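# Examining the three-dimensional arrangement
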Amino acid sequence: MDTLTIRPMALSDCDRVAELRVTGWRHAYRGLMPQADLDELSVSADAERRRAYFTRPDDPTTHLVAERAGQVVGWASVGPYRDGETLTSDAELYALYADPAHIGTGVGRSLLTEALARSITHPRMLLWVLRDNTRARRFYEHAGFRPDGAEDGTSVPEVRYVRSQLRRC
């Protein structure tokens, strides 16, 4: 398999990142979220949102892409943890998606490792994962994350995971 490169996302990556995000949702959340919600996802609408987020001058978010053989095959987004409207001293992994054809090839692990490295000044990294997404939960647990007991009580329950920044993936 070709070499995997992790690099900062560029504005020109927004369309591909939107495609990865929509495809990732449909792949990972089938059976976990209402199918109508997944069917309504739009790559073009998501690409517009990505461009708007990406070009905000005050955005503290770091966007990373994984590239293999000249094609973007993964995306991660990390920044300060959001406690409501307040940004805390902890980091938060906002998103991590791999092209379904590249799951199990190191894309997610490499993106997570780089996100952790870029957040090393934060004492901890937190993330939210769907409670019933056992594959994602195993992935994060293998990387040293543990549920901390916090849950989001929406119709699609999420649990919060936390990891000290001291240990590498």
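All values reported here derive from a predicted model rather than from experimental measurement. Per-chain numbering applies: the sequence of each chain, read as written, is numbered from 1 onward. Predicted model: local features are reported for residues with pLDDT of at least 70 only, side-chain atom pairs are reported and counted for 80 or more only, and whole-chain, interface and lining totals are derived from all residues. Heavy atoms throughout the structure, all of them, feed into the side-chain values; hydrogens and water do not.

What counts as an axis is a line fitted to C-alpha atoms, over the stretch in contact for a helix, and the angles between N-to-C directions run from 0 to 180 degrees. Secondary structure elements follow DSSP: runs of H or I of four or more residues count as helices, runs of E of two or more count as strands, with numbering from the N terminus. Two elements in contact, helix H1 (residues 14-28) and helix H3 (residues 43-54), have axes separated by 8 Å at closest approach and are oriented at 125°. By the angle class used here, H1 and H3 are oblique. Considering how the two elements wind past one another, H1 and H3 form a crossing that is right-handed. Of H3, the residues touching H1 (which contributes Cys 14, Asp 15, Val 17, Ala 18, Glu 19, Arg 21 and Val 22) are Val 43, Asp 46, Ala 47, Arg 50, Arg 51 and Phe 54. Polarity classes work like this: nonpolar for Ala, Val, Leu, Ile, Met, Phe, Trp, Tyr, Cys and Pro, charged for Asp, Glu, Lys and Arg, and polar for all others, with Gly in that last group. When grouped by side-chain class, the residues that make up the contact of H1 with H3 number 7 nonpolar, no polar and 6 charged. Throughout this description, any angle smaller than 35 degrees is read as roughly parallel, any larger than 145 degrees as roughly antiparallel, any in the 65 to 115 degree range as roughly perpendicular, and the remainder as oblique. The hand of a helix crossing depends on one turn: near helix anticlockwise from the far one by less than a right angle means left-handed, and clockwise means right-handed. We call two residues in contact when some of their heavy atoms are within 4.5 Å.

In the sections that follow, a salt bridge refers to a side-chain nitrogen of Lys or Arg positioned within 4 Å of a carboxyl oxygen of Asp or Glu. Under the definition given, this model contains 15 salt bridges. For the salt bridge of Arg 56 with Asp 59, the shortest nitrogen-to-oxygen distance reads 3.4 Å. Assessed through its relative accessible area of 17%, Asp 59 is described here as buried. Between Glu 92 and Arg 82 there is a salt bridge, and its shortest N-O distance comes to 2.9 Å. Of the two residues, Glu 92 is situated in strand S4 (residues 86-98) and Arg 82 in strand S3 (residues 71-83); the sequence distance between them amounts to 10 residues. Three exposure classes are used, based on accessible area relative to the maximum for each residue type with a 1.4 Å probe and protein chains only: buried under 20%, partly exposed in between, and exposed over 50%.

Here, nonpolar core refers to any group of buried Ala, Val, Leu, Ile, Met, Phe, Trp, Tyr and Cys residues whose side-chain atoms link them within 4.5 Å. Leu 93, Leu 112, Met 125, Tyr 140 and Phe 145 are the most contacted members of the largest nonpolar core, which has 23 residues in total. Contributions of two or more residues to this core are made by strand S2 (62-68), S3, S4, helix H4 (107-118), strand S5 (124-130), helix H5 (134-142) and strand S7 (158-164). Tallying contributions element by element places H4 first for this core, with 5 residues. If you look at the next biggest cluster of nonpolar residues, it comprises 14 residues, including Met 9, Val 65, Val 72 and Trp 75.

Before going further, it helps to spend a moment on the packing of aromatic side chains. The pairing test for Phe, Tyr and Trp rings, Trp by its six-membered ring, is centres within 6.5 Å, and the orientation test on the planes gives stacked under 30 degrees, edge-to-face over 60, and tilted for anything in between. Overall, the coordinates contain 4 aromatic pairs when judged by the stated rule. Between Phe 139 and Tyr 140, the aromatic rings sit 5.1 Å apart at their centres with planes inclined by 75°, giving edge-to-face as the arrangement. Between Tyr 140 and Phe 145, the ring centres sit 5.8 Å apart and the planes meet at 75°, which makes this aromatic pair edge-to-face. For the pair formed by Tyr 140 and Phe 145, the shared burial category is buried.

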